[in-house]
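Here are the chains, one letter per residue:
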Amino acid sequence: MKTTKKLTALLLALSMAFVLCACSNEDSKPTPTAAPSEAGEPSQAPSEEPSQGVEPAAFTTVEEGKLHMSTNAAFPPYEMTTDDGGFEGIDVEVAEAIAEKLGLELVVDDMAFNNALLAVQNGESDIAMAAITVKPDRLEVMDFSETYATGIQVVIVKEGSPIATIDDLAGAEKIGCQADTTGYDYCSSDYGEDHVIAYDTGALAVMDLMAGTIDAVVIDNGPAEAYVAANDGLKILDTEYANEDYAIGFQKGNTALVEAVNAAIAELKADGTFQGIVDKYIKAD
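Residues numbered from 1 in each chain as written. Predicted model: local features only at pLDDT ≥ 70, side-chain atom pairs only at ≥ 80, totals over all residues. Heavy atoms only, no water.

(A) Representation of the environment of E244 in the model. Mapped onto the fold, E244 is located in strand β13 (residues 242-246). A relative accessible area of 6% means that E244 is categorised as buried. Taking the C-alpha atoms as reference points, E244 and I132, separated by 112 residues in sequence, lie 9.4 Å from one another. Discounting chain neighbours no more than four positions away, the residues touching E244 are T133, A149, T150, G151, Q153, T182, Y186 and D220. (Helix = DSSP H or I, 4+ residues; strand = E, 2+ residues; numbered from the N terminus. Buried < 20%, exposed > 50% of the residue type's maximum accessible area, 1.4 Å probe, protein only. Contact = heavy atoms within 4.5 Å.)

(B) Examining the nonpolar core more closely. Core analysis: the biggest nonpolar cluster contains 47 residues, and M69, I98, I127, M129, I156, I248 and V261 have the highest contact counts within it. Discounting chain neighbours no more than four positions away, the residues touching I248 are I98, I127, A128, M129, D143, F144, S145, Y148, V261 and I265. V157, C187, A216 and V218 belong to the second-largest nonpolar core, a separate cluster that totals 17 residues. (Core = buried A, V, L, I, M, F, W, Y, C linked by side-chain atoms within 4.5 Å.)

(C) Up close: unusual backbone geometry. With an omega dihedral of 5 degrees, the bond running from P76 to P77 counts as a cis peptide bond. Relative to the elements of secondary structure, P77 occurs in the loop between β2 (74-75) and β3 (79-81). One non-glycine residue, A131, lies in positive phi territory at about 50 degrees. Relative to the assigned elements, A131 resides in the loop between β6 (127-128) and α4 (136-139). Even without a glycine there, the phi angle at D180 is positive, about 65 degrees. Of note, D180 is situated in the loop between β9 (175-178) and α5 (182-191).

(D) View of helix α7 (residues 221-230). Those residues of α7 that fall on the buried side of the exposure criterion are G222, P223, A224 and Y227. Elements in contact with the buried residues of α7: β2, β8 (149-158), α6 (202-211), β11 (216-220) and β12 (234-236).

(E) Highlighting the pairing of β9. Neither face of β9 is left uncovered, since the one carrying I175 and C177 and the one carrying G176 and Q178 both have all their residues buried. In this sheet, strand β10 (residues 196-199) lies alongside β9 in parallel orientation, the contact comprising 4 bridges. Opposite G176, over in β10, you have I197 as the bridge partner. As for the winding sense of the linkage, the β-α-β connection from β9 through α5 to β10 is right-handed. Where β9 meets β11, 2 bridges bridge the pair, whose relative direction is parallel. The partner of I175 across the bridge, within β11, is A216. (Pairing = 2+ DSSP bridges. Right-handed = clockwise from strand over helix to strand, strands pointing away.)

(F) Structural view of the pattern of salt bridges. Taken as a whole and judged by the stated rule, the model has 7 salt bridges. Across the pair K280 and E93 runs a salt bridge, and its minimum N-O distance is 2.6 Å. Of this pair, K280 sits in helix α9 (residues 273-281) while E93 sits in helix α2 (residues 90-101), and the two are 187 residues apart along the sequence. The exposure class of K280 is partly exposed, given its relative accessible area of 47%. Its relative accessible area of 19% is what places E93 among the buried residues. With a closest N to O distance of 3.8 Å, K101 and D271 form a salt bridge. (Salt bridge = Lys/Arg side-chain N within 4 Å of Asp/Glu carboxyl O.)

Here is the structure:
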């Protein structure tokens, strides 16, 4: 009888221990982990750290490793050809310095002025530099850099000409200007298209002035000084005709390249490189 009681007590104790063990195991289960993502990595809760900002977009160019510049290399001292068929001038050297900053090689594509503007609009060149003035109609089809130079429109006449002041231009029969330039626009607006002749280059307009075919030439001061220095019997009127700003042209919407070029121009101005180029071609009075 004692043996039976002891056996019963032992079985009861074992049964209670088993129940307690089971309860203890259920309570100590580990917290379930997040299910793996489709890529096999555990999913993570969104980071609460603030955003570090967006990296600037990388720019692209027409030809890898190169910066194509469309220009009209007949506009001294901004762009002109050399005796060996190369190119020089303020715009050319500034473009070379910009290309170097961007880790690119400059390629100069010489063409008529209007074609230089169309080339960049159509994505055939990366930048257009040809002493280009920013105008409302150009802003509709192109983007522009920050202003990098200021241009002055002046009037060239023959010595002894009856045109002695800007006001006398109103009596001129024919005024010569380079086609598609602001000079042509200004003169056409002020004196009527019938009194303005468009030329492919300023040099051709000056040749006709020397020949007496036209009465005056309206053009930027830089090339005007070069033409007068190269041709006896010409002079520049004392009064300026107009003032305007020059900028670099880009294909519409090419924001990344515009920003990269603007940053390069800022650095070139800050370190004195830009002014050094200007001083090389335009001597201080």
